[in-house]
Amino acid sequence: MNSVWARLTQEQCRQLHNASLEILERTGVRLFNDEALALVREAGAKVTDGNRVRFPARLVDQALSTAPKSVTLHDRMGRPVMPLEGANTFFGPGSDCLNIIDHRTGERRRPVLQDVVEATRVCDALKEMSFVMSMFLPADVPQDIADRYQFQAMLHNTIKPIVFVTYETAGCVDAIAMAEAVAGGADALRERPFVACYINVTTGLLHNADALEKLLFLAGAGLPALYIPVVSGGTTGPVTMAGGLALSNAGVLVGLVISQLKREGAPVVIPGFGGDALDLRTMVDPYCGPDPRGMAQALAHFYQLPMFSLGGASESKLVDQQASIEAALDMLINALCGGHIMHDCGYLESGLTGSLTQLAICNEVVSWIRHACQPVEISAETLALDVIDQVGPDGQFLKLPHTRRHMRERWYPILFDRDNYNGWLAKGGGRTLAERAAEQVSQILASHQCEPLGPAVAEAVRRIVLRAEAQLGREPLAPASGGSYA
Amino acid sequence: MHEEQFNAMRQSIVDGAPEHASELASKALELGIAPLEAINKGFVPGLTHIGEQFRLGEVFLPDLVMAGEAMKAAVAVLEPEMQKRGTQREILGKVVLGTVKGDIHEIGKTLVSTLLSASGFQVFDLGVDVPVERFAEKAREVQADIVGVSALLTTTMQGQKSVVEALDRHGLRPKVKVIVGGAPVTRDWAEKIGADGYGQDAMAAVAIARSLLHK
Ligand code: B12
């Protein structure tokens, strides 16, 4: 992308920032973690009522001056693939769907670990999916440590950066231990992080124990944390977009302050979404309503901080027209606004259902968006004045080397149909987009395999999963063997 | 008789205007309208109307909630007179509600709480991350009719089962009914853990709570 479309002016960003500062000084927040309380108290925040904290603006200024302006996620091979800064945008799936629409049968069912494996492999293969999350919550592993199995499955099946979710801090610690085993130690992981933890926070004003613990753990280790307070307009915050965003952003600033107090320069990724509201007619939490799009991105650009944004979700229950349209509009607008890590491709039913077919469609849309937003080269070669002059009014361009040299720069679809009518019937049997996308998924699964983990590393990872099992006093399940992922 | 008065009462509920509703209730008593008649002919039709409108998507949740608040305000005014006359106002029941231990999702639970309360239940909202025993203790303390347990995670869903077991242990069941809900929760799960009811959303929660108490 060239540049970003700013939904808010600089002045409006300043207003929102000042509003968040006022919330922090006047209203204050609650922190449910002793270490965080001690850190902010020592730094000069006012603590009353045990855990109610009011922050002076200077603590925020200080944190904003030390938080890194850019964070680069690497792949499993240690290559820098996602520089989170400026107008760079990267798309990927969402996490933890409770249902899957099986691309083979169209059936909506509970996902199993094999679905996590397959989703990861599909993301690994799809060119425009830049990172991986565990799209599904597997029902066939012990639920309280499902996060360990998800993480193990992702390590085995992709080399792309992994954005992960865990329930408790112990799960986060285990995930980092596994990632260190893969990277070759704590220093290697810090220097070339290929995983990042997505932390949800109750609201801008309530910071739950797990969220703070994870933040402190990751900041201490110098690893990227995505610290994301969520405000649902009309219920946990004002229904107006400005108020909702000011409130969640107050929570974002709290996360920044705490992380920087723990370790100056610790990498934090802030939300590139906010100001959303509950659907007050159906009571469903929508993922892709149009109203607040671009506001949080503008604010993150104002702070010049890396952000975790949204793109590619739909509220539809099926892979249908609504799903395509919502996902496409959402991805386009969020890309134009310059979101960095854009998650939730393949999400349906407000994050409760996921579909690999939908994911493949999203991939196609992203490739379209990339071409539509690419900087345009104007040069002697692309203006082609000599070629035009050579051909003149009476010739044509089909046989020119210039044409063959550049023709493949244009966007060509993989899934979208551009055949003539008979070609569409003959080649594809007159199929719909969703049918073609499902076939693409099947083809990937039949052919694509990423570079496997080395046996020693796989074993080290497996031991961490087994340890989590043992800590619960249970016999390990079969999937803990690295071999089942091959 | 009193048609205009009844219309105004109905409208005060539709408008979600508690103060206006209680004024109209006082006025009704002055005019000699029987309190039960005021409720049934004046205020209830307003609530019924707004409920229908909500189902149709014509009004929003806060409209519905405020209609419930207006209803409560009117009933509060009429109540002493009803007691004097020995006519009973319909008390729907007491509900202890919370999001279970380990789970901080509060939005759905709070909507259930708000709508139950707006529908005339007395709700004791324990908040989020509520220890299993706390549900049982509170149920005993307030002599609850229903315990509602919300869980948004497949992990914390297990806690719903523990609440059922705790209520059993305390000898509170089957008198105290258990209803469960939250994104991963299904009717099958509710049956499996021996809960008495499941609701996919807050409207369903109210319906199931009513039906369990035959109200
Ligand atoms: C908002 C949200 C959050 C917010 C909650 C904010 C708050 N203050 O409540 C935040 C950001 C904090 C959050 C945190 C987490 N979340 Co969350 N969250 C959601 C989300 C997007 C919406 C939930 C919501 O509020 N919906 C709107 C309300 C109105 O609906 P509802 O809760 O379903 O309630 C309705 C019905 O279910 C029913 N109901 C609810 N309770 C009851 C009770 C009874 C008795 C009855 C009858 C009915 C009933 O009536 C309600 C009203 O109609 C869901 C996805 C989804 N679409 O559900 C994920 C989701 C539930 N979260 C998920 C996850 C993974 C998490 C985290 C673990 C992530 C993390 N590691 O940081 C943490 C958990 C922390 C914890 N220990 O609890 C997953 C769950 C997967 C799983 N494992 O089961 C989901 C499904 C999203 C996803 N696909 O990843 N989350």
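Every value quoted in this text rests on a predicted model; they were computed, and no experiment measured them.

Looking now at the confidence of the model for chain A. With 97% of its residues at a pLDDT of at least 70, chain A reaches an overall mean of 95. The model gives residues 478-486 of chain A a pLDDT under 50, and that stretch makes 22 contacts with residues more than four places away or in other chains.

Here we come to the domain arrangement of chain B. Residues and elements named next belong to chain B. The domains assigned to chain B are domain 1 (3-85) and domain 2 (94-212). For domain 1 and domain 2, the distance between their C-alpha centres works out to 29 Å. Taken residue by residue, the interface counts eight residues in domain 1 and six residues in domain 2. Overall, the association of domain 1 and domain 2 removes approximately 590 Å² of surface from exposure, summing both partners, and the carbon and sulfur fraction of that is 77%.

All right, on to the coordination of the cobalt atom of the ligand then. Coordination of the cobalt atom of the ligand by the protein comes from a single atom, H105 of chain B (NE2), at 2.3 Å. By the secondary structure assignment, H105 of chain B is in the loop between β1 (94-99) and α5 (107-118).

This next bit is on the packing of aromatic side chains. Residues and elements named next belong to chain A. Going through the model one piece at a time under the given rule, you end up with six aromatic pairs over all chains. Pairing F151 with F164 gives two aromatic rings, centres 5.1 Å apart and planes at 70°, and the pair type is edge-to-face. Here F151, found in helix α5 (residues 146-157), pairs with F164, found in strand β9 (residues 162-164); they are 13 residues apart in sequence, far enough to count as distant. Ring centres of Y287 and Y347 lie 5.4 Å apart, and the angle between their planes is 75°; this geometry places the pair in the edge-to-face category. Within this pair, whereas Y287 is found in the loop between β13 (268-272) and α10 (295-303), its partner Y347 is found in strand β16 (residues 347-348), the two being separated by 60 residues in sequence. The ring of Y412 carries R418 above its face, with NZ or CZ at 5.8 Å from the centroid.

Let's shift gears to the sheet that holds strand β15 (residues 341-345) of chain A. Residue and element names in this part refer to chain A. In spatial order, the strands read β6-β15-β14-β13-β12-β10-β9; together these seven strands make up an open sheet with parallel pairing. Strands with a single pairing partner mark the edges of an open sheet, and in this sheet they are β6 (90-93) and β9. Across the sheet, the mean angle from the axis of one strand to that of its neighbour is 30°, orientation sign disregarded. Inspection of the sheet shows β13 paired to strand β14 (residues 307-310) by three bridges, in the parallel sense. Along β14, the bridge assignment pairs P271 with F308. α10 contacts β13 and β14 of the sheet and is inclined by roughly 145° relative to β13.

Moving on, we come to the packing of helix α1 (residues 3-14) of chain B against helix α3 (residues 35-55) of chain B. All names here are of chain B. Here α1 crosses α3 at 40°, and the two axes come no closer than 8 Å. For the element pair α1 / α3, the angle class is oblique. In terms of crossing hand, the pair formed by α1 and α3 is right-handed. Residue-level inspection shows F6, M9, R10, S12, I13 and V14 of α1 in contact with α3, the latter providing E37, A38, K41, G42, F43, P45, G46, L47, H49 and I50.

For an interface, size is often stated in terms of accessible area lost upon the parts coming together. Residue-level contacts link 19 residues of chain B with 17 residues of chain A. Taken together, the two surfaces of chain B and chain A that pack against each other cover about 1500 Å², and 75% of this comes from carbon and sulfur. Three residues stand out in chain B for area buried against chain A, namely I104, I107 and T154 of chain B, and they jointly supply 31% of the buried area on that side. Run the count over chain B and chain A and you get zero salt bridges. Where chain B meets chain A, there are three residue pairs in polar contact (both at pLDDT 80 or more). Those elements that provide at least two residues to the side of chain B that touches chain A are α4 (61-85), α5 and α9 (202-212) of chain B.

Further remarks concern the layout of surface pockets. Residues and elements named next belong to chain B. Estimated volume of the second largest pocket: approximately 910 Å³. Along the wall of the second largest pocket there are 33 residues; nearest its centre are L47, L92, S119, G120 and R210. Looking at the lining of the second largest pocket element by element, the count peaks at eight residues for α3. Classifying every residue of the lining of the second largest pocket gives 16 nonpolar, nine polar and eight charged.

Within a sheet, neighbouring strands are paired by backbone hydrogen bonds and run either parallel or antiparallel to one another. All names here are of chain A. Pairing in this open sheet of four strands is mixed, and the strands run β8-β7-β17-β16 from one edge to the other. What marks the edges here is a single partner per strand, and that holds for β8 (108-109) and β16. Here two bridges tie strand β7 (residues 99-101) to strand β17 (residues 353-354), and the two strands are oriented parallel to one another. From the neighbouring strand, I100 faces β17, where its bridge partner is G354.

It is worth spelling out the packing of helix α8 (residues 209-221) of chain A against helix α9 (residues 241-262) of chain A at this point. Residues and elements named next belong to chain A. Across the interface, α8 lies against α9 with an axial gap of 8 Å and an inter-helix angle of 40°. It follows from the interaxial angle that α8 and α9 lie oblique. Judged by the twist between their axes, the crossing of α8 over α9 is right-handed. Listed contacts from α9 to L212, L215, L216, A219 and G220 of α8 are G255, I258, S259 and K262. Along the lines of polarity and charge, the residues of the contact of α8 with α9 split into five nonpolar, three polar and one charged.

Residues in close proximity to the ligand total 49 residues, the closest being T166 and S350 of chain A together with H105, E106 and S150 of chain B. More than one chain reaches the ligand: the nearby residues come from chains A and B. Within the side chain of Y347 of chain A, a nitrogen or oxygen atom sits 3.3 Å from a nitrogen atom of the ligand. Within the side chain of D103 of chain B, a nitrogen or oxygen atom sits 3.4 Å from an oxygen atom of the ligand. Elements supplying a minimum of two residues to the shell around the ligand: β10 (195-201) of chain A together with α5, β3 (146-150), β4 (177-181) and α9 of chain B. If you tally residues by element for the shell around the ligand, the top one is α5 of chain B, at four residues. Of the residues assigned to the shell around the ligand, the class counts are 25 nonpolar, 18 polar and six charged.

Further remarks concern the side chain of E315 of chain A. Residues and elements named next belong to chain A. In this structure, E315 sits in the loop between β14 and α11 (321-336). K317 provides the closest opposite charge to the buried, unpaired E315, separated from it by 6.6 Å. Within the structure, the side chain of E315 is placed 2.5 Å from the backbone nitrogen of Y287, a separation counted as a polar contact. A distance of 3.4 Å separates a polar side-chain atom of E315 from the backbone nitrogen of S350. Filtering out sequence-adjacent residues up to four positions away, E315 remains in contact with D285, P286, Y287, C288, Q322, E326, E349 and S350.

Attention now goes to the environment of K214 of chain A. All names here are of chain A. Following the sequence through the fold, K214 ends up in helix α8. Residue classification places K214 among the buried positions, given a relative accessible area of 5%. The sequence separation of K214 and V173 amounts to 41 residues, and the corresponding C-alpha distance is 8.3 Å. In this structure K214 touches T166, Y167, E168, T169, C172, C197 and I199, once residues within four positions along its chain are discounted.

Rules used in this analysis
- Residues numbered from 1 in each chain as written.
- Chains lettered and ligands numbered in written order.
- Predicted model: local features only at pLDDT ≥ 70, side-chain atom pairs only at ≥ 80, totals over all residues.
- Heavy atoms only, no water.
- pLDDT = per-residue confidence, 0-100.
- Contact = heavy atoms within 4.5 Å.
- Domains from an automatic or database assignment.
- Buried area = accessible area lost by both parts, 1.4 Å probe.
- Donors = N, O, S within 2.8 Å, 3.2 Å for Na, K, Ca; no water.
- Helix = DSSP H or I, 4+ residues; strand = E, 2+ residues; numbered from the N terminus.
- Phe/Tyr/Trp six-rings, centres within 6.5 Å; stacked < 30°, edge-to-face > 60°.
- Lys NZ or Arg CZ within 6 Å of the ring centre and 35° of its normal.
- Pairing = 2+ DSSP bridges.
- Axes fitted to C-alpha atoms, helices over the stretch in contact; angles between N-to-C directions.
- Parallel < 35°, antiparallel > 145°, perpendicular 65-115°, else oblique.
- Left-handed = near helix turned anticlockwise from the far one by under 90°.
- Salt bridge = Lys/Arg side-chain N within 4 Å of Asp/Glu carboxyl O.
- Polar contact = N/O pair within 3.5 Å; in protein donor to acceptor, adjacent residues only side chain to side chain.
- 1 Å grid on protein atoms, 1.4 Å probe; cavity = no way out; pocket = protein on both sides within 12 Å on 5 of 7 lines; lining within 4 Å.
- Points joined across faces, edges and corners; volume = space filled by probe spheres on them.
- Nonpolar A, V, L, I, M, F, W, Y, C, P; charged D, E, K, R; others polar.
- Near = heavy atom within 4 Å.
- Buried < 20%, exposed > 50% of the residue type's maximum accessible area, 1.4 Å probe, protein only.
- Lys, Arg positive; Asp, Glu negative; His and termini not counted.

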